[in-house]
Amino acid sequence: MRRKWLWLSIAFLAVLLNLVALGSFSNEPLRPLLEQKMNHRLRGYTVQLGAAHFHPLGFSLELNELMIRQNAPP
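Just so we're clear, the structure is a prediction, and the values are computed from it rather than from any experiment.

1. Some details on the overall build of the protein
Okay, so step 1: Scanning the protein from N- to C-terminus turns up two helices and two strands.
Okay, so step 2: The order of helices and strands in the protein, counted from the N terminus, is α-α-β-β.
Okay, so step 3: Relative to the compact-globule value of 11 Å for 74 residues, the protein shows a C-alpha radius of gyration of 19 Å, a clear excess of over 25%.
Okay, so step 4: With respect to the principal axes defined by its C-alpha atoms, the protein has extents near 70 × 15 × 15 Å.
Okay, so step 5: Counting only residues that meet the buried cut, the protein has 12% of its 74 residues in that class.
Okay, so step 6: Long-range contacts, defined here as pairs at least 24 residues apart, represent 33% of the contacts in the protein between residues at least 6 apart.
Okay, so step 7: Summing over all exposed atoms, the protein offers an accessible surface of approximately 6,300 Å²; the carbon and sulfur share of this is 66%.

2. Things to note about the confidence of the model for the protein
Okay, so step 1: Overall, the predicted model of the protein reaches an average pLDDT of 86, with 93% of residues at or above 70.
Okay, so step 2: Looking over the protein, one finds the lowest element-wise mean pLDDT in helix 1 (residues 2-25), namely 82, and the highest in strand 2 (residues 60-70), namely 92.

3. Observations regarding a nonpolar patch on the surface
Okay, so step 1: Among the surface-exposed residues, Leu-42, Tyr-45, Leu-61, Leu-63, Leu-66 and Ile-68 lie close enough to one another that they form a single nonpolar patch of about 500 Å² accessible area.
Okay, so step 2: Among the elements that make up the nonpolar patch, the one with the highest residue count is strand 2 (four residues).
Okay, so step 3: Residue placement: Leu-63 occurs in strand 2.
Okay, so step 4: Judged by relative accessible area, which is 36%, Leu-63 ranks as partly exposed.

Rules of the game
Residues numbered from 1 in each chain as written. Predicted model: local features only at pLDDT ≥ 70, side-chain atom pairs only at ≥ 80, totals over all residues. Heavy atoms only, no water. Helix = DSSP H or I, 4+ residues; strand = E, 2+ residues; numbered from the N terminus. Rg over C-alpha atoms; globule rule 2.2 N^0.38 Å. Buried < 20%, exposed > 50% of the residue type's maximum accessible area, 1.4 Å probe, protein only. Contact = heavy atoms within 4.5 Å. Areas by Shrake-Rupley, 256 points an atom, 1.4 Å probe, with all protein chains shown as cover. pLDDT = per-residue confidence, 0-100. Patch = residues over 30% accessible without salt bridge, like charges linked within 9 Å, V, L, I, M, F, W, Y side chains within 5 Å. Salt bridge = Lys/Arg side-chain N within 4 Å of Asp/Glu carboxyl O.

Structural data, given as structure tokens:
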């Protein structure tokens with residue numbers, strides 16, 4: 001019975017460590033991808049994104065220094 005709990009706790013810690021690593025290492029490739037997709041989908045506007053952070057435990061996305069500019073005058 002103890003062996004079962006030991007393996008379950010090791011597996012849980014491994015999953016938790018992978019989530020933390022995923023959240024910290026995937027931030028830089030995420031910013032240009034999001035910026036490119038937003039610029040492609042928003043016609044008449046240009047998007048500049050300073051930083052993007054993905055938080056895997058809360059499954060949330062944090063956008064810093066987001067600037068949306070209109071290309072043509074209204």
